[in-house]
Amino acid sequence: MCRRHNKDHEILFSRERGAFLIPYFIALLFEGIPLLHLELALGQCLRKGSIRAWNTVSPYLGGVGVGSWMVSVLVSLYYNTVLTWVMWYFINSFQEPLPWSACPLNENRTGFNEECYRSTAVNYFWYRKTLNITPNVTESGTLQWWLILCLAACWAIVYLCTIRGIETTGKAIYVTAIFPYLVLTIFLIHGLTLPGATDGLAYLFTPNLNTLKNPRVWLDAATQIFFSLSLAFGGLIAFSSYNSPKNDCEKDAVTVAIVNSMTSLYASIPVFSVLGFKATTGYWDCLDRNIISIINEFDLPEESIMRENYTAWISFLNSSHPEKIAGLKLKSCDLQEFLDQSVSGTGLVFIIFTQAIILMPGSRAWAILFFIMLFCLGLSSMFGNIEGVFTPLLELRIISKTIRKELLSGIICLICFIIALCFTLGSGSYWIDIFDSYAGTVPLLVIAFFEVIGVAYVYKIKRFSKDVKWMTGRKPNLYWQITWRFISPLLLLIVFLAFVALQIQKPSSYAAWNPKYEGFPMKEEKVYPPWVLAICVLLAVLPCVFVPLVALFNLIKQMCRSKDTSFIQPEVFSCQEANCNFCHPKESIPIVSVCKKK
């Protein structure tokens, strides 16, 4: 059930380090766990997909289910492209040496490729050989055939793993969920033996409390919780609908949340061990270049200046020969700066970590293992996305029951593949950032807010508590009551308002890879043109707009029906009654035995 995104900026603690733990665990405690319990309980109680579940709670909340379904569709469109990149790197990991370890020659074969020489081999392979990126979002570029083939392969794998819905997904998840733990453990053991690993771990767990003043940190923590737990996507409601009616969903929610967070923390240790190794290696190279320059300038014995006594020598020479030292233009070598460079900006997976792998002994084997792990993690996330799309469609009356699951799953994957071809264009990575920033953040906050409000104040928290008691055997305690009623909706509202305020304060912009930019290899900061900004707003609003539209539609329909004297108001559902005569698509007989036990 847990979603683990391998996108650069969504890796836990990637920017704010130890300080990120504070807002992260606050969001987990008062937002993540309560919402996770609510969705698991709702799906288990009603045994329906997201659309029918919320329509059963109240017809006015039917738009919440439609909105979550739309988010799953939008995320599925672009997320498999991330797996496409992973597959491309995995295929290239079998080359010796690794293709991102050295710059290629120019066309005349008289020197290195200029773009690669001015940046790095790792950057060149990512931006030019993988993405073939355009200098701005308005230039579409051409379709990249290697990405199209990898994209087709990724959707074929997703189709085979979800060909019959939960029946095949449940089997595939054992591999995609367990294998990454094995690889992480191998990386952990090896990473801790690398020089500089302790510096990387110290960097991870040393909090920079000044970052807590930045609202963006709190927003990142809140959205990280949504992605890691798959909240508001609809997939959790669909998955939990297959649980036994008497399953302890409260225990599941707490267990899943804790295991998910501990896994994120566990994964960050080998990651920062390797990044500490990369930073230390870069720091040593910087010192060695400076030492060689000083030895040559002052004609000193070769081993007279070492890394250990470099600082003492610099202090002595600065006081005795300040003009000569200034003329050498020595680089500033600071380990802290190298650590900051290792975890800032985009590209942690495809730039920073691949660069670190080059420096490791047996780099090809480590690259293969690393990208297999990423593919498994991404594939398990796609299962949740597809289930959030697949299950509601099976339950909607617009889909004929005669259509086989295999055919429906194939149609969904084929349509997603065709639409996702736009992400294989030269500007595709810019559009993935747009989809991720707007379709995968604001709608989740809005949908989750209405989920909590719908259960707490429309369906009523007392009635929901009785349903939970019927399923688990105990009434939700004070923690659940307070978070569902007050803390969770208030926190979601604050985060949403903070996001809107940040967007208003600063115009939406993006970082473009432009070799002609005077500051290259630094990225060029550009503002989105109006038509692209309109698409950004559309992506953020589209899933949310279904909430008021469906409510308005049902209100008008209710007003028309109320004029009919023969119209009888529908009874409010009961969790126990909902399970008594229910027959799940996977089952052949109604659940009668459970209903007799009170």
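Scroll up to find the structure.
Residues numbered from 1 in each chain as written. Predicted model: local features only at pLDDT ≥ 70, side-chain atom pairs only at ≥ 80, totals over all residues. Heavy atoms only, no water.

Further remarks concern a positive patch on the surface. A cluster of like positive charges, contributed by Lys460, Lys462, Arg463, Lys466, Lys469 and Lys475, occupies part of the molecular surface. Mapped onto the elements, lysine 466 comes out in helix H20 (residues 461-472). (Patch = residues over 30% accessible without salt bridge, like charges linked within 9 Å, V, L, I, M, F, W, Y side chains within 5 Å. Areas by Shrake-Rupley, 256 points an atom, 1.4 Å probe, with all protein chains shown as cover. Salt bridge = Lys/Arg side-chain N within 4 Å of Asp/Glu carboxyl O. Lys, Arg positive; Asp, Glu negative; His and termini not counted. Charge placed at Lys NZ, Arg CZ, Asp CG, Glu CD. Helix = DSSP H or I, 4+ residues; strand = E, 2+ residues; numbered from the N terminus.)

In this section: the state of the cysteines. In a disulfide, the sulfur atoms of two cysteines are covalently bonded to one another. This model, assessed by the stated rule, comprises 2 disulfides. For cysteine 103, the disulfide goes to cysteine 116, at an S-S distance of 1.9 Å. The disulfide joining cysteine 103 to cysteine 116 has a torsion of about -85° about its S-S bond and is therefore left-handed. With cysteine 103 in the loop between helix H3 (62-92) and helix H4 (114-118) and cysteine 116 in helix H4, this residue pair connects regions lying 13 residues apart in the sequence. The burial state of cysteine 103 is the same as that of cysteine 116; both residues are buried. Bridging cysteine 286 to cysteine 333, the disulfide has an S-S length of 1.9 Å. Between cysteine 286 and cysteine 333, the S-S torsion sits near -80°, and that sign places the bridge as left-handed. One end of the pair, cysteine 286, is in helix H11 (residues 249-298); the other, cysteine 333, is in the loop between helix H13 (322-328) and helix H14 (335-343), and 47 residues separate them in sequence. Classification of cysteine 286 by relative accessible area gives buried; the value is 3%. (Disulfide = S-S within 2.5 Å. Buried < 20%, exposed > 50% of the residue type's maximum accessible area, 1.4 Å probe, protein only.)

So, about the environment of threonine 483. Mapped onto the elements, threonine 483 comes out in helix H21 (residues 478-505). Taking the relative accessible area as the measure of exposure, threonine 483 reaches 1% and is therefore buried. Each C-alpha atom, one on threonine 483 and one on leucine 35, is 9.1 Å from the other, the two residues being 448 residues apart in sequence. When residues no more than four places from it in sequence are discounted, the contact partners of threonine 483 are Phe30, Pro34, Ser488 and Pro489. Here the side chain of threonine 483 touches tryptophan 480 through a polar contact of 3.1 Å, landing on its backbone oxygen. (Contact = heavy atoms within 4.5 Å. Polar contact = N/O pair within 3.5 Å; in protein donor to acceptor, adjacent residues only side chain to side chain.)

Looking now at the packing of aromatic side chains. Enumeration according to the criterion identifies 33 aromatic pairs in this entry. A centroid spacing of 5.2 Å and a plane angle of 90° characterise the contact between phenylalanine 423 and phenylalanine 435, whose relative ring orientation is edge-to-face. Of this pair, phenylalanine 423 sits in the loop between helix H17 (405-420) and helix H18 (428-439) while phenylalanine 435 sits in helix H18, and the two are 12 residues apart along the sequence. Overall, phenylalanine 423 belongs to the buried group, its relative accessible area being 2%. Residue phenylalanine 435 is classed as buried on the basis of its relative accessible area of 12%. Stacked on the ring of tryptophan 470, the Lys or Arg lysine 246 has its end atom at 4.2 Å from the ring centre. Across from the ring centre of tyrosine 459, 4.9 Å away, lies the NZ or CZ of arginine 463, which sits over that ring. (Phe/Tyr/Trp six-rings, centres within 6.5 Å; stacked < 30°, edge-to-face > 60°. Lys NZ or Arg CZ within 6 Å of the ring centre and 35° of its normal.)

Further remarks concern the environment of proline 476. Looking at the element boundaries, proline 476 is found in the loop between H20 and H21. In this structure proline 476 comes out as buried when scored by relative accessible area, which is 5%. Along the sequence, proline 476 and lysine 466 sit 10 residues apart, while their C-alpha atoms lie 8.6 Å from each other.

Counted by the stated rule, this structure contains 6 salt bridges. Here arginine 128 makes a salt bridge to glutamate 115, at a shortest N to O gap of 3.1 Å. Of this pair, arginine 128 sits in helix H5 (residues 121-130) while glutamate 115 is found in helix H4, placing the two residues 13 residues apart along the sequence. With a shortest N-O distance of 3.8 Å, glutamate 524 and lysine 526 are connected by a salt bridge. Looking at glutamate 524, the relative accessible area reads 19%, which means it is buried. Sharing partners across several salt bridges, the network here consists of Asp248, Glu250 and Arg474.

A few words now on a nonpolar patch on the surface. A surface patch of nonpolar side chains, amounting to about 450 Å² of accessible area, comprises Tyr60, Leu552, Leu555, Ile556 and Met559. By the secondary structure assignment, leucine 555 is in helix H22 (residues 530-562). With relative accessibility at 38%, the residue leucine 555 sits in the partly exposed group.

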